[in-house]
Each structure stands twice: as structure tokens, then as C-alpha cells.
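Listed here are the chains, written in short residue letters.
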Amino acid sequence: MENLAKYIQENKQRFLDELFELLRIPSISADPAYSKEMIRTAEYIKTQLEAAGADNVEICETGGYPIVYGEKIIDPSLPTILVYGHYDVQPAVPLELWTTPPFEPTIRNERIYARGACDDKGQMYMHVKAFEAMMKNNSLPCNVKFMIEGEEEVGSSNLGPFCINNKEKLKADVVLISDTSMIANDIPSIDVGLRGLSYVEVEVTGPNRDLHSGVYGGAVANPINILAKMIASMHDENNRITIPGFYDDVVELSADERNEMAKAPFDLEEYKKDLGIDDVWGEKGYSTIERTGIRPTLDVNGIWGGYTGEGSKTVLPSKAYAKISMRLVPNQSSEKITKLFTEYFTSIAPPSVKVVVKPHHGGEPVVTPTDSLEFKAASMAMEKTFGKKPIPTRGGGSIPIVALFEKVLGVKTVLMGFGLDIDALHSPNESYGIFNYFKGIETIPYFYKYYAELKK
Ligand code: BES
Ligand code: MN
Ligand code: MN
């Protein structure tokens, strides 16, 4: 392991330069205007995996953006780690809020600023470099397979079928993912939960055309007024979601489990200060950590309609729209929740408007065990490099494919992420600490080592 540390140290600048090259390609999966860049990104990853020493590297076509696959099988009798990551990023708008352009990576205060710096190019690329270091030092202790996709940020809809059709190729003992966050650089943690997701778009239609808001206002339903009221009614005075049956399948934690969760360090004042808010908000009876970790939510992601241009236009719009996401926890099912939402949303609409609910992507919640061999290996690896045992935490975000890995491939996942809340994922000025990038590269080989040893 000393040789490895030396190798990483000696190649530090190149490891950064290569990541920068990856960050310069705007691989925005949500916007078809970037489809060429998506292919360029996949090709770059293929080249880098080959250079690192992977065999059979290929760009696998799907119905959407391709998946990059590569492997190193040193001995079929040894365990196999399947590394998953994503090369697509979220849109970078609003661009004017970035201090430096999102696809021109820049270092400030020991941090790399760029869209995807943490989520997930930076975290994914740590795995390529850790693999290279193990290969170049003849210390790869087990087999490895890489599967890097380009559609995570848009719901991974083609990855499920890819897994179903490639069960043999993807056969592994464990899935290893770095796409989550830790509590702090001096408080390492491992996510043992991800929330599921139901995502819908709603359309509310009033009159058959935009109307003069003076001539018709007051006599014809305004779809924006109605939509705002419908959305507002979906939370009650305790900030609980009012959709009938919404909480039916939610697993309530025991008092012991909640006490255990409450032991994780959390500074509410710091949290509020970081976000520039005077108070937090959420479901009555639950702490902030519980509200994001173990409770389901409903949020409007965007709402539009009518006139939003310069100055004013007196108009009673014909249509109003919103994009709404619901984060789910065990044992809620995204299909069922989408159905409950649709029924309820339709039922609360007054006869003066028509509504259409269009379901987008979904994903199921997951909780990973803390008494498993793979959790132990990850815990030991982080303890080794951070000098502290990591705390198990429940993350609020979603990685929809993780539930499917277990269902389709029968493999458990370890979420060994190295990000921080301050990395501003999906926000302007996303960044990733240089410390975290190299800490990840240093820690990953220990996971391989301990996992291979524990599997013996
Ligand atoms: N890496 C995130 C998920 C994440 C971030 C989990 C931090 C835990 C902590 C992932 O790229 C992501 O953003 N997922 C989307 C899923 C969606 C677009 C289907 C999400 O959570 O919104
Ligand atoms: Mn991610
Ligand atoms: Mn993301």
C-alpha cells in the first residue's frame, strides 16, 4: 500500500488534469442539444479506462445514451466488484450565477469548481485512477467491472433493460458507488439509504385561449390561480402530505433506531447559515435529519404559465404547468405513489378546469445493511484513511438504479461517497474538494483489499 500512496502522490497533477479534461465536456443528458458531447464523454472514458489497464472496454449502445463498460478479470475464482458511476451532469443554468463558467474547471480555495466536479464525474473518476494505481503496482486484489452510464440525471431508463439483458456480463459480488456525500471531512460517513422518486408533470387548462384579464377576469377560472391552490392544499397544517394513502406503506422507525440516527453530529445553526434561512421547515414531529432521511416529501420543482416577460401583460392564461417530485422511503412504491397522486390531483380539480398528469421517471427507495461484509469493508477502508470510523447515515437523494441492481442482478450495493453538502450538487458553483478527490483515490484500494480479504 506504500507503493500505491507513492504512485498517487507522483501522479497527482496528471490525475487532476485528466479530470479537468472530463469536466470540460458539457455532458448534459437532459438537453438533446448536447448529444454529441455525451458521445465524446463516453469515448473519453473508454480511452481512460483502457489507459488505466481495463480489458474489453466498449461503448454499449442503448435506446438512449451509451453505457461505458470495461473489466479486469485477474482470476475468476476471486470476488468481483462492479463499479457504477455516471458521466452525465445536470443542466448548468442559470449561468449568470456561476463565478467561473461551469465547463471551465477552476481551482479556488482548494476546490474544483465545475458542473459535475462532484456529481458524478469527480467521484466516478476517482475509481478509474484508483484502479490505475492498483494495476500499475500489481496490487489489484480481485476482479473489477466498470459500468458508467450517461442517463442517471434523467432517470436511468435504459440501464434497467441493459442490466436485464447483460446479467452474465455484469455478474459481480458487490456494487461499489461513489455518488453520495459524507457529513464532513473530519466526520466520515457512509450512506445506507437512498430515497425513491416519483416525478410527474401536471397541466391545468382553463379557457381554450389566453383571455383579456379584465374582460373575463373573475368569471372564468384562472388555471394558475387554481394550480397554486391545488398545490398548496397538498400539505396540511403539520406539513404532512394530504394525498390519501400516501403514508400507508411508510416504514416507521423504532424509538431505538431514531435515537441511533440522532447521534450523528448535525449543527442546525450551521445548516441554516449555509442556506441563508432563518428557520427550517418540514413535517411536524421529525428532525431535519429525519425529514430528509426517513420521511417522504412532495416538492414543486418548477411552475410556469401565463406572461413572464418584460413589463406587464394583462392576460388570463389558458394553461398552467408544474413539475412535481415526491421522494419516497421504504416501503413506498413509485408506481403506486404516482397513481395515488394522479387520482388525488384529478379529484381536487374544480369543474372549471381540466387537468392532465404526465408521469416522468421513478425509482424505488433502498436501505443497505450495516452488518454486511461489504459495509464492513467500506467502513474499514474509510477508518484506515480518515482515522475515524464512518457513521452510517440515510441520504435524501436518489440513485434510481440501485434498487434494480439488487432486484435484477441480485447484488448488494455499497455507497462509499466522498462528497459534502457544500459541494452544491445541481446548483450553480458546484465544486469538489481536492482533498476529497485524492482521499477517494486513496480509500478505494483499501476497500478492494479488505473486501477481498473478508470474502476469503
Ligand atoms: N448523486 C445524486 C444522488 C445523491 C446525492 C444521493 C447526494 C445522495 C446524496 C444523483 O446524481 C442524483 O442527483 N439523483 C437524482 C435522481 C433523479 C434525477 C432520477 C436526484 O436525486 O434528484
Ligand atoms: Mn450523481
Ligand atoms: Mn445528480
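See above for the structure.
The rules we used
Residues numbered from 1 in each chain as written. Chains lettered and ligands numbered in written order. Predicted model: local features only at pLDDT ≥ 70, side-chain atom pairs only at ≥ 80, totals over all residues. Heavy atoms only, no water. Helix = DSSP H or I, 4+ residues; strand = E, 2+ residues; numbered from the N terminus. Polar contact = N/O pair within 3.5 Å; in protein donor to acceptor, adjacent residues only side chain to side chain. Contact = heavy atoms within 4.5 Å. Pairing = 2+ DSSP bridges. Axes fitted to C-alpha atoms, helices over the stretch in contact; angles between N-to-C directions. Donors = N, O, S within 2.8 Å, 3.2 Å for Na, K, Ca; no water. Tetrahedral: all angles 85-135°; square planar, octahedral: opposite > 155°, others 65-115°. Buried < 20%, exposed > 50% of the residue type's maximum accessible area, 1.4 Å probe, protein only. 1 Å grid on protein atoms, 1.4 Å probe; cavity = no way out; pocket = protein on both sides within 12 Å on 5 of 7 lines; lining within 4 Å. Points joined across faces, edges and corners; volume = space filled by probe spheres on them. Nonpolar A, V, L, I, M, F, W, Y, C, P; charged D, E, K, R; others polar. Phe/Tyr/Trp six-rings, centres within 6.5 Å; stacked < 30°, edge-to-face > 60°. Lys NZ or Arg CZ within 6 Å of the ring centre and 35° of its normal. Expected span 1.5 Å × (residues − 1). Arc of directions from axis to C-beta. Parallel < 35°, antiparallel > 145°, perpendicular 65-115°, else oblique. Salt bridge = Lys/Arg side-chain N within 4 Å of Asp/Glu carboxyl O. Near = heavy atom within 4 Å. Areas by Shrake-Rupley, 256 points an atom, 1.4 Å probe, with all protein chains shown as cover.

This part takes up the side chain of Glu-283. Within the element layout of this structure, Glu-283 appears in the loop between helix H8 (268–275) and helix H9 (288–293). Within the local environment of Glu-283, its side chain forms a polar contact with the side chain of Arg-240, the two groups lying 3.0 Å apart. Within the local environment of Glu-283, its side chain forms a polar contact with the side chain of Arg-295, the two groups lying 2.7 Å apart. Once residues lying within four places of it in the same chain are set aside, the contact partners of Glu-283 are Asn-238, Asn-239, Arg-240, Tyr-247, Arg-291 and Arg-295.

Moving on to the sheet that holds strand S9 (residues 196–205). Read from one edge to the other, the open sheet built from four strands follows the order S11-S13-S9-S14, with strand pairing classed as antiparallel. Edge positions in the sheet fall to strand S11 (297–305) and strand S14 (354–363), since each of these pairs with one other strand and no more. With direction set aside, neighbouring strand axes in the sheet form an average angle of 20°. Sheet topology note: the S9/S14 ladder contains eight bridges and is antiparallel. What sits directly across from Val-202, in S14, is Val-357. Helix-sheet contacts for helix H6 (residues 223–232) involve S9, S11, strand S13 (319–328) and S14, and the interaxial angle to S13 is about 15°. Helix H10 (residues 334–347) rests against S9, S11, S13 and S14 of the sheet, and its axis sits at about 25° to S9.

What follows concerns the sheet that holds strand S5 (residues 111–113). An order of S4-S5-S18 is seen for the three strands of this open sheet, with the pairing classed as antiparallel. Both edges of this open sheet fall to strand S4 (106–108) and strand S18 (431–433), since each of them pairs with a single strand only. Across this sheet, the average inter-strand angle for adjacent strands is 30°, counted without regard to direction.

So, on to the coordination of the manganese ion (ligand 3). Bound to the manganese ion (ligand 3) on the protein side are Asp-119 (OD), Glu-153 (OE), Glu-153 (OE) and His-426 (NE2), at distances that span 2.1 to 2.6 Å. Of note is the manganese ion (ligand 3), whose six donor atoms meet at the metal with angles of 54 to 155° in an arrangement that counts as irregular. Here the manganese ion (ligand 2) and the manganese ion (ligand 3) are spaced 3.6 Å from one another, each receiving a donor from Asp-119. Taken together, the residues Asp-119 in the loop between S5 and helix H4 (121–136) and Glu-153 in the loop between strand S6 (143–149) and helix H5 (159–165) connect sequence positions 34 residues apart. The buried category is assigned to Asp-119, whose relative accessible area is 7%.

Attention now goes to empty space enclosed by the protein. The rolling of a water-molecule-sized probe over the atoms marks out the regions of remaining empty space. Tallied over the full model, the rule gives one cavity of 30 Å³ or more. When its volume is computed, the largest cavity comes out at roughly 50 Å³. If you go around the largest cavity, the residues you meet are Ile-190, Asp-191, Thr-368, Pro-369, Ser-372, Glu-374, Phe-375, Lys-412, Thr-413, Val-414 and Leu-415. At the level of elements, strand S8 (189–194), helix H11 (373–386) and strand S17 (413–415) are the ones that each hand at least two residues to the lining of the largest cavity. Top contributing element to the lining of the largest cavity by residue count: S17, with three residues. Split by residue class, the lining of the largest cavity holds five nonpolar, three polar and three charged.

It is worth spelling out the packing of aromatic side chains at this point. Within this structure, the stated rule accounts for twelve aromatic pairs. Seen in terms of ring centroids, Trp-304 and Tyr-321 are 5.1 Å apart; in terms of plane orientation they differ by 10°. Their pairing is stacked. Of this pair, Trp-304 sits in strand S11 while Tyr-321 is found in strand S13, placing the two residues 17 residues apart along the sequence. For Lys-12, the ring lying beneath its charged end belongs to Phe-438, and the centroid distance is 4.9 Å. Lying across the ring of Tyr-247, Arg-240 places its NZ or CZ 4.1 Å from the centre.

The next point concerns the coordination of the manganese ion (ligand 2). Summarising the metal site, the manganese ion (ligand 2) is bound by the protein donors His-86 (NE2), Asp-119 (OD), Asp-179 (OD) and Asp-179 (OD), whose distances to it range over 2.0 to 2.4 Å. Geometry at the manganese ion (ligand 2) is irregular, judged from the six donor atoms that bind it and their angles of 57 to 165° at the metal. In terms of primary sequence, the donors binding the manganese ion (ligand 2) are separated according to H-x32-D-x59-D.

Quick look at helix H3 (residues 35–52) now. For H3, built from 18 residues, the straight-helix expectation of 26 Å at 1.5 Å per residue is met to within 8% by its first-to-last C-alpha distance of 26 Å. Restricting attention to buried positions, one finds in H3 the residues Met-38, Thr-41, Ala-42, Tyr-44, Ile-45, Gln-48, Leu-49 and Ala-52. For H3, the angular spread of buried residues about the axis comes to 160°, placing them on one side. Exposed side of H3, more than 90 degrees from the buried face: Lys-36 and Ala-51 are the residues found there. Lining the buried residues of H3 we find helix H2 (12–23), strand S1 (55–60), strand S2 (67–72), H4 and S6.

Axis separation between helix H1 (residues 2–10) and H2 bottoms out at 4 Å; the angle between their running directions is 60°. Viewed along their axes, H1 and H2 adopt a mutual orientation that is oblique. Together, Tyr-7, Ile-8, Gln-9 and Glu-10 of H1 and Lys-12, Arg-14 and Phe-15 of H2 make up the contact between the two elements. Taken together, the residues that form the contact of H1 with H2 break down as three nonpolar, one polar and three charged.

Another aspect to go through is the pattern of salt bridges. This model, assessed by the stated rule, comprises 26 salt bridges. Notably, a salt bridge pairs Glu-260 with Lys-263, separated by 3.0 Å at the nearest N-O pair. Residue Lys-412 pairs with Glu-406 through a salt bridge whose shortest N-O separation is 2.8 Å. It is possible to trace a salt-bridge network through shared partners that takes in Arg-14, Glu-18, Lys-129 and Glu-132.

In the region of ligand 1, 17 residues are neighbours, and Glu-152, Asp-179, Arg-327, Ser-398 and His-426 sit closest. Residue Asp-119 places a side-chain N or O atom 3.0 Å away from an oxygen atom belonging to ligand 1. Glu-152 is positioned with one of its side-chain polar atoms (N or O) 2.7 Å from an oxygen atom of ligand 1. For ligand 1, the accessible surface in isolation is 520 Å², of which the surrounding protein chains cover 90%. Class assignment of the residues belonging to the shell around ligand 1 gives a composition of four nonpolar, seven polar and six charged.

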